[in-house]
Amino acid sequence: MAVETLSPDWEFDRLDDGSQKIHAEVQLKNYGKFLEEYTSQLRRIEDALDSSVGDVWDFRLDPIALKLLPYEQSSLLELIKTENKAETKFYNGLLFYGEGATDSSMAEGDCQIQMGRFISFLQELSCFVTRCYEVVMNVVHQLAALYISNKIAPKIIETTGVHFQTMYEHLGELLTVLLTLDEIIENHSTLKDHWTMYKRLLKSVHHNPSKFGIQEEKLKPFEKFLQKLEGQLLDGMIFQACIEQQFDSLNGGVSVSKNSTFAEEFAHSIRTIFANVEAKLGEPSEIDQRDKYVGVCGLSVLHFQIFRTVDKKFYKSLLDICKKVPAITLTANIIWFADNFLIQKMPAAAKLLDKKSLHAIKTHRDTFLQQKAQSLTKDVQSYYVFVSSWMMKMEAISSKEQRMDKFAEDLTNRCSVFIQGFLYAYSISTIIKTTMNLYMSMQKPMTKTSVKALCRLIELLKAIEHTFYRRSMVVADSVSHITQHLQHQALNSISVAKKRVISDKKYSEQRLDVLSALVLAENTLNGPSTRQRRLILSLALSVGTQMKTFKDEELLPLQVVMKKLDLISELRERVRTQCDCCFLYWHRAVFPIYLDDVYENAVDAARLHYMFSALRDCVPAMVCARHLESYEILLNCYDKEIMDILNEHLLEKLCREIEKDLRLSVHTHLKLDDRNPFRVGMKDLALFFSLNPIRFFNRFIDIRAFVTHYLDKTFYNLTTVALHDWATYSEMRNLATQRYGLVMTEAHLPSQTLEQGLDVLEIMRNIHVFVSRYLYNLNNQIFIERTSNNKHLNTINIRHIANSIRTHGTGIMNTTVNFTYQFLRKKFYIFSQFMYDEHIKSRLIKDIRFFREVKDQNDHKYPFERAEKFNRGIRKLGITPDGQSYLDQFRQLISQIGNAMGYVRMIRSGGLHCSSNAIRFVPDLEDIVNFEELVKEEGLSEETLKAARQLDSVLSDHTRNSAEGTEYFKMLVDVFAPEFRSPKNMHLRNFHIIVPPLTLNFVEHSISCKEKLNKKNKMGAAFTDDGFAMGVAYILKLLDQYQEFDSLHWFQSAREKYLKEMRAVAKQQTVQSASQDEKLLQTMNLTQKRLDVYLQEFELLYFSLSSARIFFRADKTAAEENQEKKEKEEENKTSNGDHVTSSGSALTDPVVK
């Protein structure tokens, strides 16, 4: 039965198998998981946006921001809503006109193009101004209709005792906007100049429209339009035209000028507003009285224009304010003088006053500025204390928990702290703007002290804004509670008054109006504290306060509550407006002075953040610029200008100072200026490096990174220029890290070493130049430069080559030997040509024949005289311009061949050196594990296997290289020997006989080089040239002529010759010593010395040649080497045969058994 009673559209399966429950549980679990993830995500966002939102401060970049401005969702209010376009759009558009392009960068016609782009903006402004005129007219008509002097005419409402003061205040605000537009245009000379140029351009277009591609019929309306714009906007008549409108309706509508009741009400409202303004002007609790004072002046002029009556006493009190407030900043850099305005707009009233008092106002302005300049430093100090203590209060509020029993008291306390912050911001902002703009307007120079003081105030202003911003979570939380608390207080006051009205039983229409107004006020207070509600509330109270519904002691607290409500409801917006430093754009000349001051007093470098925040405030205003192709151009121009100033006045100075300090610290061993900090003072520049990066436009300015980069770049570049200074710069790098905490980059120069010398690659490419310019030393394995233009000679040793091989890899060794082979081929071609020369060949054959004939008589020694004769005889064949014989050139050729062989030897040694350095990390060269097999055993991935295989091949390469190296000498002998020994090159077989005169030539050359070492002009000086010995040993090996050369016993012959001569000289010395002929003795001593030197040189050459021969295995002839080779091959074959036989016998053994 139960089932039937269910509604027919609800059907389900009667059999419940539990599947629905399981499904529901799964869904619940999924939902729970989603909630957990979402919660953690929200928590992460919350952590990212904690109470201190971040180190780098630019609240326009916040991903999420709280907007505290309450708003209505009512459609009617949406329809009548008008945004305040004047301040954002029109003021900034006009102010920034002409900016972003310097006179030097502007081409001919740019002014006209800018104005052309700006015309549409002026048209929009014209529409706005016309709309303002209509609104003023409408408001005046409405107010005049409320206050009718004709007693018979029907009234809209009873207005006795009703004063719509708010209406007049708003009307004053609108007049202020018009008046500001006038002032901006009046002070804008660039705009006027460009307008004049544009009109001239239009005239030239008028004369020839086809040239510009414009239809003539379109020009006339455009010209008329321009005239209208000029008359309405550019002649400074915007405000004047507004107040000179025809307010009286011509067709019998509302009468204004003849309406005495309205005139009185108008005057009364002006006086009431003025009384409120006058009391607060210049006081610490001033909020917006200055702006209202401008409105009062505008209203007074409007009143005078309509009703043509002047209240001399009131006019005088209006002017007296100028003594207290000599100038008022309307917007940005536009400053307004009330006395000038009132005298100009109300000349009739000005005549009533004596000229002396008018002049006194002007003189007071000068004295005010002087006094302000003197008191600025004191003001800064006092505000510094005030703002610091206020910031501490703000921090205290955010940290302390709210107690429920003292909730109201706590809210009142918070409210007063917030308002106090705003008041400080207002006062500081007023001081900065007034002082800076007055100096600018009166064209007086500011002292550096004043500039620094004003910059300090700007920092304080931004500090207040930053504190509100940093504590925005607490502020947001408190503001809604405070507004409710204030609304509650207001509602209590109103309910008391309402009871009083209801208790009075007498009925009248006026009483009903009052009651309705109070009910309306209550209704508006029961809701969010939006601007519209507060406006309706103040209008309702204008009606509701008549007939003494409130006592005086009740009304005053209500008004205070209303003011607080206004302030708190718009706290964020008002703070932002007061702390907006857009005016700094017009005073950016102070920025360099400020930076110099920051640099000099580095102690509080962190204040840079506040200044850059202030400089950034201009950006939103610049977006309104319409005279350029895009506002981006203006932004980029501003960005570049600020960055250039920052670089010049702070960053570059800082870089230079740090570098200088590091240099002087490292070079303390030199005699430097006095650096005692107690005597010369000290700046702690390290504080700049603890700063967080500064956000400016779309970049972060990181001072630490900038200086680090500068030092890295400088040290790197200077090290590459002078490699020998690398240690000094390393020291400076370490010092920068210790002293300033800068993390420097190691200057890994391309070769990874500072001891590279000439690169192997360079030598290989220019081996022909290398062998002629460098000298080889066999024992030390070193190459020394022959001559150099510098004060030092370059050397190349095994370590340099090893470093080079490490840089390029071992593959370069074979390439180098290949290049050497190519080089030797060319040189051997010249060698062969020389040996084939008829003059040389015939002499050599003659010498061989002569030696064979006399060897038995000479004890198988080649005669020294014969070699000497050959050496002298060859000079007769001809000498080069620099005095070299053919034999000298031939010796040089052999030296170059020897140098090339020496270089090959060094390459091999360098390779071994490099390999042994690399292999030193392998624990046991005899037992290297096979990584590939290990990886296979473990069954690791294919990539790991590949890597292991690679490692194995690298290790085996290194092991092989370090163990044996390549026998390059043997290769270079084997490649050339067959050609040298072939029958077609028989002329080369004479080489062994030219060696004695060659050695003689070499010894003479070597002695002359060594003697030059002691001379002042060291051109051609040298102490080693073992390339010659290497070359001779190599060629003798190629020709297999070691035995032929040894058969000459040449060095023995030379030794005997010199010893014989030395003995003869010694004998003569003993004979002459008796006669005591000093001159002769000196000559003999010199002869003895010379012979000694010659003998020594021959001995040295003999040793070098003997050493060089070891490389080419001089102990064996070619035939013996071949024999040895054959024996080795046969040995190998035999050993292989033995192995085969033994294995074969092993197989056949069982069969025999």
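- You'll find the protein chain entered in an unreviewed UniProt entry as WASH complex subunit 4, with Monodelphis domestica given as the organism.

### A short note on the pairing of strand 1 (residues 328–331)
Okay, so step 1: Note that strand 1 and strand 2 (residues 334–336) share three bridges and pair antiparallel. In the strand pairing of strand 2, Ile328 is matched with Trp336.
Okay, so step 2: Where strand 1 hands over to strand 2, the hairpin turn is made up of two residues, of which Ala332 adopts a positive phi near 45°.

### Describing the layout of surface pockets
The gaps of empty space that remain are located by a probe, the size of a water molecule, rolled over the atoms.
Okay, so step 1: There is about 870 Å³ of room inside the second largest pocket.
Okay, so step 2: Phe1002, His1005, Ser1006, Cys1009 and Asp1025 are, among the 41 residues lining the second largest pocket, the residues nearest its centre.
Okay, so step 3: Elements with a minimum of two residues in the lining of the second largest pocket: helix 31 (767–773), strand 5 (774–777), helix 35 (864–875), helix 36 (886–919), helix 40 (991–1012) and helix 44 (1078–1111).
Okay, so step 4: Top contributing element to the lining of the second largest pocket by residue count: helix 40, with nine residues.
Okay, so step 5: In the lining of the second largest pocket, the residues fall into 11 nonpolar, 19 polar and 11 charged.

### A closer look at unusual backbone geometry
Residues apart from glycine generally show negative phi values, whereas peptide bonds are mostly found in trans.
Okay, so step 1: Backbone geometry at Arg308 places phi at a positive 55°, although glycine is not the residue there.
Okay, so step 2: As for its placement among the helices and strands, Arg308 is situated in the loop between helix 11 (289–307) and helix 12 (312–324).
Okay, so step 3: The exposed category is assigned to Arg308, whose relative accessible area is 53%.
Okay, so step 4: Phi angles above zero are rare outside glycine, and His1049 is one such case at about 45°.
Okay, so step 5: Its place among the elements puts His1049 in the loop between helix 42 (1042–1046) and helix 43 (1050–1075).
Okay, so step 6: Accessibility expressed as a relative area gives 33% for His1049, which makes it partly exposed.

### Here we look at the side chain of Thr435
Okay, so step 1: Checked against the element boundaries, Thr435 lands in helix 16 (residues 407–441).
Okay, so step 2: In this structure Thr435 comes out as buried when scored by relative accessible area, which is 2%.
Okay, so step 3: In this view, Thr435 contacts Leu369, Lys372, Leu376 and Leu454; residues no more than four positions away in its chain are not counted.

### Some thoughts on the packing of helix 28 (residues 703–721) against helix 29 (residues 726–740)
Okay, so step 1: Taken N-terminus to C-terminus, the directions of helix 28 and helix 29 make an angle of 170°; their axes are 9 Å apart at the nearest point. On the basis of the axis angle, helix 28 is roughly antiparallel to helix 29. In terms of crossing hand, the pair formed by helix 28 and helix 29 is left-handed. Here helix 28 contributes Leu711, Asp712, Phe715, Tyr716, Leu718 and Thr719 to the contact with helix 29, which in turn contributes Trp726, Tyr729, Met732, Arg733 and Ala736.

### Considerations on helix 24 (residues 608–616)
Okay, so step 1: Burial analysis of helix 24 places eight of its nine residues in the buried class, which makes it a mostly covered element.
Okay, so step 2: Of all the positions in helix 24, only Leu608, His609, Met611, Phe612, Ser613, Ala614, Leu615 and Arg616 are classed as buried.

### Side note on the packing of aromatic side chains
Okay, so step 1: What the rule picks out here adds up to 60 aromatic pairs.
Okay, so step 2: Each ring, one from Phe418 and one from Phe468, has its centre 6.3 Å from the other, and the planes form 55°; the classification is tilted. Of this pair, Phe418 sits in helix 16 while Phe468 sits in helix 17 (residues 448–470), placing them 50 residues apart in sequence.
Okay, so step 3: On the basis of relative accessibility, which here comes to 6%, the residue Phe468 falls in the buried class.

### Some details on the confidence of the model for the protein chain
Okay, so step 1: With 90% of its residues at a pLDDT of at least 70, the protein chain reaches an overall mean of 85.
Okay, so step 2: No element of the protein chain has a lower mean pLDDT than helix 1 (residues 2–5), which averages 42, and none a higher one than helix 9 (residues 238–243), which averages 95.
Okay, so step 3: The low-confidence segment residues 1–16 (pLDDT under 50) makes two contacts with residues lying over four places distant or belonging to another chain.
Okay, so step 4: Confidence over residues 1139–1153 falls short of pLDDT 50; this stretch has zero contacts with residues more than four positions distant or in other chains.

### Re the environment of Ser204
Okay, so step 1: Relative to the helices and strands, Ser204 is located in helix 7 (residues 189–207).
Okay, so step 2: Taking the relative accessible area as the measure of exposure, Ser204 reaches 34% and is therefore partly exposed.
Okay, so step 3: Here Leu201 takes part through its backbone oxygen, which lies 2.6 Å from a polar atom of the side chain of Ser204.

### Some thoughts on a positive patch on the surface
Okay, so step 1: A cluster of like positive charges, contributed by Lys846, Arg849, Arg852, Lys869, Arg872 and Lys876, occupies part of the molecular surface.
Okay, so step 2: Counting residues per element, the ones that place at least two in the positive patch are helix 34 (838–854) and helix 35.
Okay, so step 3: Looking at which element gives the most residues to the positive patch, the answer is helix 34, with three residues.
Okay, so step 4: Along the chain, the position of Arg872 falls in helix 35.
Okay, so step 5: The exposed category is assigned to Arg872, whose relative accessible area is 52%.

### Focus on the sheet that holds strand 6 (residues 782–785)
Okay, so step 1: Strand order across the open sheet formed by three strands is 5-6-7, with antiparallel pairing between neighbours. The sheet is open, and its two borders are formed by strand 5 and strand 7 (795–797), each paired with just one other strand. Ignoring which end each strand starts from, the neighbouring axes of this sheet average 20° apart.
Okay, so step 2: Bridging between strand 5 and strand 6 involves four bridges; their strand directions are antiparallel. Residue pairing for strand 6: Tyr774 is matched across the bridge by Glu785.

### Focus on the pattern of salt bridges
Okay, so step 1: Counted under the stated rule, the structure contains 52 salt bridges.
Okay, so step 2: For Arg271, the salt bridge identified is with Asp311, shortest N-O distance 2.8 Å. Taken together, the residues Arg271 in helix 10 (residues 260–280) and Asp311 in the loop between helix 11 and helix 12 connect sequence positions 40 residues apart.
Okay, so step 3: Put simply, Lys292 and Asp288 hold a salt bridge, and the shortest N to O gap is 4.0 Å.
Okay, so step 4: Residue class for Lys292 comes out partly exposed when judged on its relative accessible area of 29%.
Okay, so step 5: Looking at Asp288, the relative accessible area reads 22%, which means it is partly exposed.
Okay, so step 6: When salt bridges that share partners are traced, they join Lys452, Arg456, Glu459, Asp597, Asp604 and Arg607 into one network.

### Comments concerning the packing of helix 16 against helix 17
Okay, so step 1: At their nearest, the axes of helix 16 and helix 17 sit 10 Å apart, and the two run at 150° to each other. In terms of their interaxial angle, helix 16 and helix 17 are classed as roughly antiparallel. Every pair of crossing elements has a handedness; the one defined by helix 16 and helix 17 is left-handed. Counted together, Phe418, Gly421, Phe422, Tyr424, Ala425, Ile428, Ser429, Ile431, Ile432, Thr435, Met436 and Tyr439 of helix 16 and Ser450, Leu454, Leu457, Ile458, Leu460, Leu461, Ile464 and Phe468 of helix 17 form the full contact between these two elements.
Okay, so step 2: Here the contact of helix 16 with helix 17 is built from residues that sort into 16 nonpolar, four polar and no charged.

Cut-offs applied
Residues numbered from 1 in each chain as written. Predicted model: local features only at pLDDT ≥ 70, side-chain atom pairs only at ≥ 80, totals over all residues. Heavy atoms only, no water. Pairing = 2+ DSSP bridges. Helix = DSSP H or I, 4+ residues; strand = E, 2+ residues; numbered from the N terminus. 1 Å grid on protein atoms, 1.4 Å probe; cavity = no way out; pocket = protein on both sides within 12 Å on 5 of 7 lines; lining within 4 Å. Points joined across faces, edges and corners; volume = space filled by probe spheres on them. Nonpolar A, V, L, I, M, F, W, Y, C, P; charged D, E, K, R; others polar. Buried < 20%, exposed > 50% of the residue type's maximum accessible area, 1.4 Å probe, protein only. Contact = heavy atoms within 4.5 Å. Axes fitted to C-alpha atoms, helices over the stretch in contact; angles between N-to-C directions. Parallel < 35°, antiparallel > 145°, perpendicular 65-115°, else oblique. Left-handed = near helix turned anticlockwise from the far one by under 90°. Phe/Tyr/Trp six-rings, centres within 6.5 Å; stacked < 30°, edge-to-face > 60°. pLDDT = per-residue confidence, 0-100. Polar contact = N/O pair within 3.5 Å; in protein donor to acceptor, adjacent residues only side chain to side chain. Patch = residues over 30% accessible without salt bridge, like charges linked within 9 Å, V, L, I, M, F, W, Y side chains within 5 Å. Areas by Shrake-Rupley, 256 points an atom, 1.4 Å probe, with all protein chains shown as cover. Salt bridge = Lys/Arg side-chain N within 4 Å of Asp/Glu carboxyl O. Lys, Arg positive; Asp, Glu negative; His and termini not counted. Charge placed at Lys NZ, Arg CZ, Asp CG, Glu CD.

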